[in-house]
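A look at the structure
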Amino acid sequence: VRQPDSGRFVCWLRVSSRAGRPQALLVLVADSILGPYTKVRLGLRPFGMDAGDFDLVVDPEDGKGYCYFERVHRELICADLTRDLTDVTGYYSTHFPRARPPFVREAPAHFVRGDRHYLITSGTTWYFPNQSEIASAQTYHGPWTVLGDPHAADPTETSFRSQVSSVFQHPHRPDLYIALADRWLPNLADDPPKATDLLARETAGDPSAVAELMRYGYGSDPDTSRASYVWLPIRFDG
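Residues numbered from 1 in each chain as written. Predicted model: local features only at pLDDT ≥ 70, side-chain atom pairs only at ≥ 80, totals over all residues. Heavy atoms only, no water.

**Details of helix H2 (residues 207–214)**
Residues of H2 that are buried: Ala209, Val210 and Leu213. The buried residues of H2 occupy an angular sector of 95° when the element is viewed end-on, so they sit on one face. Exposed side of H2, more than 90 degrees from the buried face: Pro207 and Met214 are the residues found there. (Buried < 20%, exposed > 50% of the residue type's maximum accessible area, 1.4 Å probe, protein only. Helix = DSSP H or I, 4+ residues; strand = E, 2+ residues; numbered from the N terminus. Arc of directions from axis to C-beta.)

**As for unusual backbone geometry**
Cis geometry marks the peptide bond from Gly35 to Pro36, where omega comes out at 5°. In this fold, Pro36 is placed in the loop between strand E2 (24–30) and strand E3 (38–44). In this structure, His73 takes a positive phi of about 65° despite not being glycine. Topologically, His73 is positioned in the loop between strand E5 (65–71) and strand E6 (75–81). The class of His73 is partly exposed, set by a relative accessible area of 45%. Positive phi is not limited to glycine here, since Glu157 has a value of about 55°. Tracing the chain through its elements places Glu157 in the loop between strand E11 (145–148) and strand E12 (163–169).

**Quick look at the sheet that holds strand E4 (residues 51–58)**
With antiparallel pairing, four strands are arranged side by side in an open sheet as E4-E5-E6-E7. Each having just a single partner strand, E4 and strand E7 (88–95) make up the two edges of the open sheet. Neighbour-to-neighbour, the strand axes of the sheet open up by a mean angle of 25°, direction not taken into account. As paired strands, E6 and E7 are joined by five bridges and run antiparallel to one another. Its bridge partner being in E7, Cys78 is matched across the sheet by Ser93. (Pairing = 2+ DSSP bridges. Axes fitted to C-alpha atoms, helices over the stretch in contact; angles between N-to-C directions.)

**Things to note about the packing of helix H1 (residues 195–203) against H2**
Running from N to C, H1 and H2 point in directions that differ by 140°, and their axes come no closer than 7 Å. Between H1 and H2, the angle falls in the class oblique. For H1 against H2, the interelement crossing comes out left-handed. Packed against H1, whose contacting residues are Ala195, Leu198, Leu199, Arg201 and Glu202, the element H2 presents Ser208, Ala209, Val210, Glu212 and Leu213 at the interface. Here the residues of the contact of H1 with H2 are counted per class, giving six nonpolar, one polar and three charged. (Parallel < 35°, antiparallel > 145°, perpendicular 65-115°, else oblique. Left-handed = near helix turned anticlockwise from the far one by under 90°. Contact = heavy atoms within 4.5 Å. Nonpolar A, V, L, I, M, F, W, Y, C, P; charged D, E, K, R; others polar.)

**A look at the environment of Val72**
Note on placement: Val72 falls in the loop between E5 and E6. A sequence separation of 21 residues divides Val72 from Ala51, and the C-alpha atoms of the two residues are 6.1 Å apart. Contact partners of Val72, with chain neighbours within four places excluded, come to Gln23, Asp50, Ala51 and Gly52.

See the structure below:
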């Protein structure tokens, strides 16, 4: 993103660590999009929270910034950013509280169409694809109304075997919005397991559920350099 006053470029990175250690964010700034970048915040844990997948948003009218991030395995947070977009202020709102994974929402992807805000999120199912959820609101902080699965044509309920990471508006095609999605496991079968259902069974104490997922590689360390991308144009009815 770009600072509204200076025009400098700001880059946020999520830093994952070993299991059991806090997840944090790294913030860098540069005069050019190509860098060189300078670290300005290391180990940023907004409001003392573990920060998972996130999306940065800057309002095109007033330059105010927001960060949507997963408070790991709990809920989704919308936090106001400082004017230079390098930190959070003291204000945030909470959304989509869930009791546990795989129902907790992650990978938020925000976009605006007209006067409506939209947010696509994913369930928490490791690298396995799951059923996305889209919600709408009138403001950045909601309240959000869940509209359901945006991938209505996908009978596998796995978001076409992908996880949406961002949505952009085409600069030269009016009303064309495209969701960009990661296919973390590109070699997964065309009829992948419904990871949300299986992990819910596992949480409820059914050991056979994890055994079924392990046949597909659950728990291993996938080579994410082999991940591919899926582009999904969004159609609006009304």
